[in-house]
Amino acid sequence: MNALVVGGAGYIGSHCVRQLSAAGHRPVVLDNLVYGHRGAVAPDVPFHEADLGDEAAVRAVLTRERIELVMHFAAYCYVGESVTDPLKYYLNNVGATLHLLKAMLDAGVRKFVFSSTCATYGMPAALPLVETMPQHPINPYGQTKLDVENILKALAAAHGLSFAALRYFNAAGAAEDGAIGEDHDPETHLIPLAIDAALGRRPPLRLFGADYPTPDGTCLRDYVHVDDLSRAHIAVFGRLATPGTGLFYNLGTGRPSSNREVIRAVERIAGRKVPLVAALRRAGDPPALYADSTLAQRELGWKIKFPDIESIIATAWQWHSTHPHGYGDRKPKP
Ligand code: UDP
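Residues numbered from 1 in each chain as written. Predicted model: local features only at pLDDT ≥ 70, side-chain atom pairs only at ≥ 80, totals over all residues. Heavy atoms only, no water.

*Asks:* Account for the sheet that holds strand E4 (residues 69-72), with residues named and values stated.
*Replies:* One open sheet holds the seven strands; their spatial order is E3-E2-E1-E4-E5-E6-E11, and the pairing between them is parallel. The open sheet has two edge strands with one neighbour each: strand E3 (47-49) and strand E11 (246-251). Geometrically, the sheet is characterised by an average inter-axis angle of 20° between neighbouring strands, direction not taken into account. Packing against the sheet, helix H2 (residues 55-64) makes contact with strand E1 (2-6), strand E2 (26-31), E3 and E4, and its axis sits at approximately 170° to E2. (Pairing = 2+ DSSP bridges. Helix = DSSP H or I, 4+ residues; strand = E, 2+ residues; numbered from the N terminus. Axes fitted to C-alpha atoms, helices over the stretch in contact; angles between N-to-C directions. Contact = heavy atoms within 4.5 Å.)

Right, dumping it as structure tokens:
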């Protein structure tokens, strides 16, 4: 499959590019390099530096590269920022995505794999989350992802677009060979911050809330290895053959870890303490989120290679401890 990976220089996109190559597909990357890293993509992968909202540029790439399917990872993903700057999120995550979709339809490309999120569910009605549960996002980030899911349904009905919306839980970890990994700027995620705190590269980790109604009082999350996520994107290809297909899958391990359990696992792997300070709950954090991914496992044959938090953190540790400055290309953000 000739697959255009939009946002292929980002965290999950870049891992997916490598998995595509490993599976014998031909990835082509389109990325504007605002948050992405050129160094995250191998030099032999065709790379187009362009914005997904630039319809003419995207159309030209789709045609020239004979693209059959588009995978879309290029979204802003900071929940807190989406609350303070919702326009930025709607303009990019929804607005620019509409242009991408328009360019695809114009070019006759009708297969689409979309990075959605468990944040579309909002406060879970019950746990574990299954795909048919109500979706009521509690922040603009989750809302933008749900908006795109709904747009995709309309395009499937009207234009025969076939799509899969993959609702990720907490993506974590790094490539097993240590070649690529997570490099967010700013970094807001628990695992990289805990690792950096253990290494003394950052201030002590602020633990947001220890008074949740959970066994140890800290939030429960479902961490899923970025390469497991990537493999699900490829496993879905075979189900997009029929025009107008719309698929929705949760991608998580179904094994929640509390924030304290994550910190203890980092300490075991790092062989040192994670300096901690107690902090108030972070606004918009549900106490617990974890997936029922039975559907993806049954329908896609999706197999989770990293089912436990230690094996996921071990790969993250390998990357972060050997890449103190990530890809070494930090730049000012718009
Ligand atoms: N968290 C924390 N301190 C931090 C960053 C995150 O206590 O500096 C907590 C956060 O409140 C949540 C969990 O770690 O309960 C996972 O947060 P993360 O931002 O990694 O992912 P999210 O679940 O928000 O997508």
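On we go.
*Asks:* Tell me about the state of the cysteines, and name the residues and values.
*Replies:* Enumeration over the complete set of coordinates arrives at zero disulfides. This cysteine, Cys-118, is not joined by any disulfide, and Cys-219 carries the nearest cysteine sulfur, 12 Å off. For Cys-118, a relative accessible area of 7% corresponds to the buried category. (Disulfide = S-S within 2.5 Å. Buried < 20%, exposed > 50% of the residue type's maximum accessible area, 1.4 Å probe, protein only.)

*Asks:* An account of the pattern of salt bridges is needed here, citing residue identities and associated values.
*Replies:* One pass over the full model with this rule turns up 18 salt bridges. One connected set of salt bridges, linked through shared partners, spans Glu-55, Arg-59, Lys-102 and Asp-106. (Salt bridge = Lys/Arg side-chain N within 4 Å of Asp/Glu carboxyl O.)

*Asks:* Could you give me a rundown of the site of the ligand, with the residues and numbers involved?
*Replies:* Among the 15 residues in the neighbourhood of the ligand, the closest are listed as Leu-190, Arg-206, Phe-208, Arg-282 and Asp-285. Between an oxygen atom of the ligand and a side-chain N or O atom of Asn-170, the distance comes to 3.0 Å. Between Thr-188 and the ligand, the recorded distance is 3.4 Å, taken from a backbone N or O atom to an oxygen atom. Mapped onto the shell around the ligand, the elements with two or more residues apiece are helix H6 (190-198) and strand E8 (205-208). Top element by residues in the shell around the ligand is E8. It accounts for four residues. Each residue belonging to the shell around the ligand can be placed in one class, and the counts come to seven nonpolar, four polar and four charged. (Near = heavy atom within 4 Å. Polar contact = N/O pair within 3.5 Å; in protein donor to acceptor, adjacent residues only side chain to side chain. Nonpolar A, V, L, I, M, F, W, Y, C, P; charged D, E, K, R; others polar.)

*Asks:* Summarise helix H7 (residues 226-235); cite the residues concerned and give the values.
*Replies:* For an α-helix the count is 3.6 residues per turn, leaving residues at separations of three or four pointing the same way. Among the 10 residues in H7, eight count as buried, and that is most of the element. Those residues of H7 not exposed but buried are Val-226, Asp-227, Asp-228, Leu-229, Ser-230, Ala-232, His-233 and Ile-234.

*Asks:* Please set out the packing of H2 against helix H4 (residues 86-107) residue by residue, giving values where relevant.
*Replies:* Interhelical geometry of H2 versus H4 gives an angle of 40° and a closest axis separation of 9 Å. The angle between H2 and H4 falls in the class oblique. The handedness of the crossing between H2 and H4 comes out as right-handed. Facing Glu-55, Val-58, Arg-59, Leu-62 and Thr-63 of H2, the residues of H4 in contact are His-99, Leu-100, Lys-102, Ala-103, Met-104, Asp-106 and Ala-107. Here the residues of the contact of H2 with H4 sort into six nonpolar, two polar and four charged. (Parallel < 35°, antiparallel > 145°, perpendicular 65-115°, else oblique. Left-handed = near helix turned anticlockwise from the far one by under 90°.)

*Asks:* Pulling in residues and values, what's your account of the packing of aromatic side chains?
*Replies:* Under the criterion given, the structure shown has six aromatic pairs. With 6.3 Å between their ring centres and 10° between their planes, Phe-112 and Phe-114 make a pair best called stacked. A single burial state applies to Phe-112 and to Phe-114, both of which are buried. Note on Trp-319 and Tyr-327: the rings are 5.1 Å apart at their centroids and 45° apart in plane angle, and the pair reads as tilted. Its relative accessible area of 1% is what places Trp-319 among the buried residues. Among the residues examined, Tyr-327 registers a relative accessible area of 19% and is labelled buried. Taken together, the ring pairs in this structure connect Tyr-35, Tyr-76, Tyr-78 and Tyr-89 into an aromatic cluster. Here the guanidinium or amino end of Arg-38 rests over the ring plane of Phe-47, the centre of that ring lying 4.1 Å away. One residue, Lys-88, lies across the ring of Tyr-76, its end atom 4.7 Å from the ring centre. (Phe/Tyr/Trp six-rings, centres within 6.5 Å; stacked < 30°, edge-to-face > 60°. Lys NZ or Arg CZ within 6 Å of the ring centre and 35° of its normal.)

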